Amino acid sequence: QKSYYQQCKKEATAQIEFLGKKNHQEISTLLSQSKVHAMPSFYETTGLASLEALYNGCQVVVSNRGGQKEIFEDKALYCEPTDKDSIKEAIAKALAKKDNHRDWIKENFSWAKAAQSISDIYQTVINQPKV
């Protein structure tokens, strides 16, 4: 959303750099060189960008809204997306952390795990008694 992007640029200090569009490999490299990934959005459906950031070694700050806590459990820091101080505090805490969640991501968000979950759902439906 262009107006949101322009507002972000307006609010940003000189320490913040806007990198523009990057390909997947460039994103992976940038994430692996970064300390914190913050996505304090109002509604993030799956959190894939934040999951990718966790996989690449970032500490993650996400919104306290929606299903974020069900996805990230204790692996992320949470903030109120309408409160600049809440976002700032969560980022400061993230900067102090040194957790590595790559193994957790591999165990819980692999294609094999997703396929098994879908298979389990189908098996449950198939095995239900007919009414």
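Just above, that's the structure.
My aim in this report is to walk through the structure given alongside it, one point at a time.

### What to know about unusual backbone geometry
Its identity is not glycine, yet Glu73 carries a phi of approximately 50 degrees, on the positive side. Take Glu73: it is sitting in the loop between helix 4 (68-72) and strand 3 (76-79). Classification of Glu73 by relative accessible area gives partly exposed; the value is 45%.

### As for the side chain of His37
Relative to the assigned elements, His37 resides in strand 1 (residues 36-39). A distance of 3.4 Å separates a polar atom in the side chain of His37 from a polar atom in the side chain of Ser50. Residues within four places of His37 in sequence aside, it is in contact with Leu31, Ala49, Ser50, Ala53, Cys58, Gln59, Val60 and Val61.

### Brief notes about the packing of aromatic side chains
As enumerated under the stated definition, the model contains two aromatic pairs in all. Ring centres of Tyr5 and Phe18 lie 5.6 Å apart, and the angle between their planes is 85 degrees; this geometry places the pair in the edge-to-face category. With Tyr5 in helix 1 (residues 2-11) and Phe18 in the loop between helix 1 and helix 2 (24-32), this residue pair connects regions lying 13 residues apart in the sequence. A relative accessible area of 33% places Phe18 in the partly exposed class. Of note, Lys9 hangs over the ring of Phe18, and the distance from its end group to the ring centre comes to 5.9 Å. Over the aromatic face of Tyr78 sits the side chain of Lys69, whose NZ or CZ is 5.2 Å from the ring centroid.

About the cut-offs
- Residues numbered from 1 in each chain as written.
- Predicted model: local features only at pLDDT ≥ 70, side-chain atom pairs only at ≥ 80, totals over all residues.
- Heavy atoms only, no water.
- Helix = DSSP H or I, 4+ residues; strand = E, 2+ residues; numbered from the N terminus.
- Buried < 20%, exposed > 50% of the residue type's maximum accessible area, 1.4 Å probe, protein only.
- Polar contact = N/O pair within 3.5 Å; in protein donor to acceptor, adjacent residues only side chain to side chain.
- Contact = heavy atoms within 4.5 Å.
- Phe/Tyr/Trp six-rings, centres within 6.5 Å; stacked < 30°, edge-to-face > 60°.
- Lys NZ or Arg CZ within 6 Å of the ring centre and 35° of its normal.

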